[in-house]
Amino acid sequence: MLGTVLKRLAQGIFVTFCVIFISFVILRMIPGDPAKVMAPTATVEQQQAIRDSMGLEKSIPEQFKMYMVNLFHGDLGESYFKSDTVLNVMEQATPLSLILLISSVVISIILSLILGTIAGLNGNKWEDRLISSIAVLFQSMPNYWVSSVLIIIFSVRLGLLPSMDYSGPASCVLPTVALALPLTAVLTKVVRSSLIDSYNQEFVKVAYAREIGR
C-alpha cells in the first residue's frame, strides 16, 4: 500500500515537472518582448534593465533553473500585464474564483439531482431520452464556446449582464452558468445511472413484487 502511494506520488511529481518545463519552454518560444509588454512607453535603456532583471538575455536552461529556484522560494515573478507580483494577483483573484467555484458546484448538484432523478425514474421514456440528449450536448460543448455564446446573447445583444470585470453579483452569472453546464451534464448522467442501477437491485424487485414500494 505504502509502495503504491509513493509510486503514485513520484509519478505525480514527474508529470508536474514535465508540464511546468513544457509550458515554460513554449512561453519562451512565443514571439514578442515581455519588456515591451510590461513597459511599452519606457525607454530602450529601461526596457533593457527589465530584461536583465528578469534574466531574459540568458539561455532557456538558465532561465528555467532561475525560475525553479524562485518557485521553491515562493517567488512566481512579476505579472506581464499588471504592475504587481503574480502572488498578489492570485491573492486578489482567489475570493472571486472561490465564489465561482462554489456557486457553479452548488447549482450543478441541484440541477443534476432534479434532472437525473427525472431521467432515472422514467428510464427509456421520452423524458429520459430528452434529458440524456441535453446532457450529452452540454457535456460536449467547450467552456470557452459556451462563454462566448452567453456573452454574445446576454451582454452584446440583450445588454442584461456584464461580460468582464467585477461590478457586483451580476458579474458572476455568466461565468457561473458556463462552468455549471458541463458539470451538470456529467452529474446528471451519474445520478441517472445510479438510480437505474438501484432499481435493478434484487431487494427493490422483491419490494415491488410484494407491493411495498407501491
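Quick caveat, the model's predicted, so the values are computed rather than measured. (Residues numbered from 1 in each chain as written. Predicted model: local features only at pLDDT ≥ 70, side-chain atom pairs only at ≥ 80, totals over all residues. Heavy atoms only, no water.)

**Looking at helix α4 (residues 60-72)**
Turning to step 1, where the next piece is worked out: Taking 1.5 Å per residue as the helical rise, α4 with its 13 residues ought to reach 18 Å, and the 18 Å between its terminal C-alpha atoms agrees with that figure.
Turning to step 2, where the next piece is worked out: Of the positions making up α4, those classed as buried are Q63, F64 and M68. Buried residues along α4 cover an arc of 135 degrees about the axis, so they all sit on one side.
Turning to step 3, where the next piece is worked out: Here the buried face of α4 lies against α1 (2-29).
Turning to step 4, where the next piece is worked out: Downstream of α4 by one or two residues, G74 has phi in the positive range, about 80 degrees. (Helix = DSSP H or I, 4+ residues; strand = E, 2+ residues; numbered from the N terminus. Expected span 1.5 Å × (residues − 1). Buried < 20%, exposed > 50% of the residue type's maximum accessible area, 1.4 Å probe, protein only. Arc of directions from axis to C-beta. Contact = heavy atoms within 4.5 Å.)

**A look at the side chain of S108**
Turning to step 1, where the next piece is worked out: In this structure, S108 sits in helix α5 (residues 86-121).
Turning to step 2, where the next piece is worked out: Of the residues examined, S108 reaches a relative accessible area of 0% and is grouped as buried.
Turning to step 3, where the next piece is worked out: Not counting chain neighbours up to four residues away, the residues in contact with S108 comprise A180, L183, T184 and L187.

**Brief notes about the pattern of salt bridges**
Turning to step 1, where the next piece is worked out: Summed over the entire model, instances satisfying the criterion amount to 1 salt bridge.
Turning to step 2, where the next piece is worked out: With a closest N to O distance of 2.6 Å, R192 and D128 form a salt bridge. With R192 in helix α8 (residues 173-199) and D128 in helix α6 (residues 126-140), the pair connects residues that are 64 residues apart, well separated along the chain.
Turning to step 3, where the next piece is worked out: The class for D128 is buried, based on a relative accessible area of 2%. (Salt bridge = Lys/Arg side-chain N within 4 Å of Asp/Glu carboxyl O.)

**Thoughts on the packing of α5 against α8**
Turning to step 1, where the next piece is worked out: At a closest axis distance of 6 Å, the pairing of α5 and α8 adopts a crossing angle of 35 degrees. In this structure, the crossing between α5 and α8 has a hand that is right-handed.
Turning to step 2, where the next piece is worked out: Tallied by class, the residues present in the contact of α5 with α8 amount to 18 nonpolar, 10 polar and 1 charged. (Axes fitted to C-alpha atoms, helices over the stretch in contact; angles between N-to-C directions. Left-handed = near helix turned anticlockwise from the far one by under 90°. Nonpolar A, V, L, I, M, F, W, Y, C, P; charged D, E, K, R; others polar.)

**Things to note about the packing of aromatic side chains**
Turning to step 1, where the next piece is worked out: This structure, assessed with the given rule, holds 4 aromatic pairs.
Turning to step 2, where the next piece is worked out: Measuring from ring centre to ring centre gives 5.8 Å for F17 and F64, while their planes differ by 75 degrees; the resulting arrangement is edge-to-face. Taken together, the positions of F17 in helix α1 and F64 in helix α4 put the pair 47 residues apart, joining distant regions of the chain.
Turning to step 3, where the next piece is worked out: In this structure F64 comes out as buried when scored by relative accessible area, which is 9%.
Turning to step 4, where the next piece is worked out: Here the aromatic rings of F24 and F64 are separated by 5.3 Å at their centres, their planes lie at 65 degrees, and the arrangement is edge-to-face. Of this pair, F24 sits in helix α1 while F64 sits in helix α4, placing them 40 residues apart in sequence. For the residue pair F24 and F64, the accessibility class agrees, reading buried in each case.
Turning to step 5, where the next piece is worked out: Within the aromatic cluster, the residues linked to one another by ring pairs are F17, F21, F24, F64 and Y67. (Phe/Tyr/Trp six-rings, centres within 6.5 Å; stacked < 30°, edge-to-face > 60°.)

**Topic: the packing of helix α7 (residues 143-157) against α8**
Packed helices, taken two at a time, are described by the angle between their axes plus the distance between the axes.
Turning to step 1, where the next piece is worked out: Taken N-terminus to C-terminus, the directions of α7 and α8 make an angle of 140 degrees; their axes are 9 Å apart at the nearest point. Classed by the angle they form, the pair α7 and α8 counts as oblique. Between α7 and α8 lies a crossing of right-handed hand. Each of N143, V146, S147, L150, I151, F154 and S155 in α7 lies in contact with α8, whose residues at this interface are L174, V177, A178, L179, L181 and P182. (Parallel < 35°, antiparallel > 145°, perpendicular 65-115°, else oblique.)

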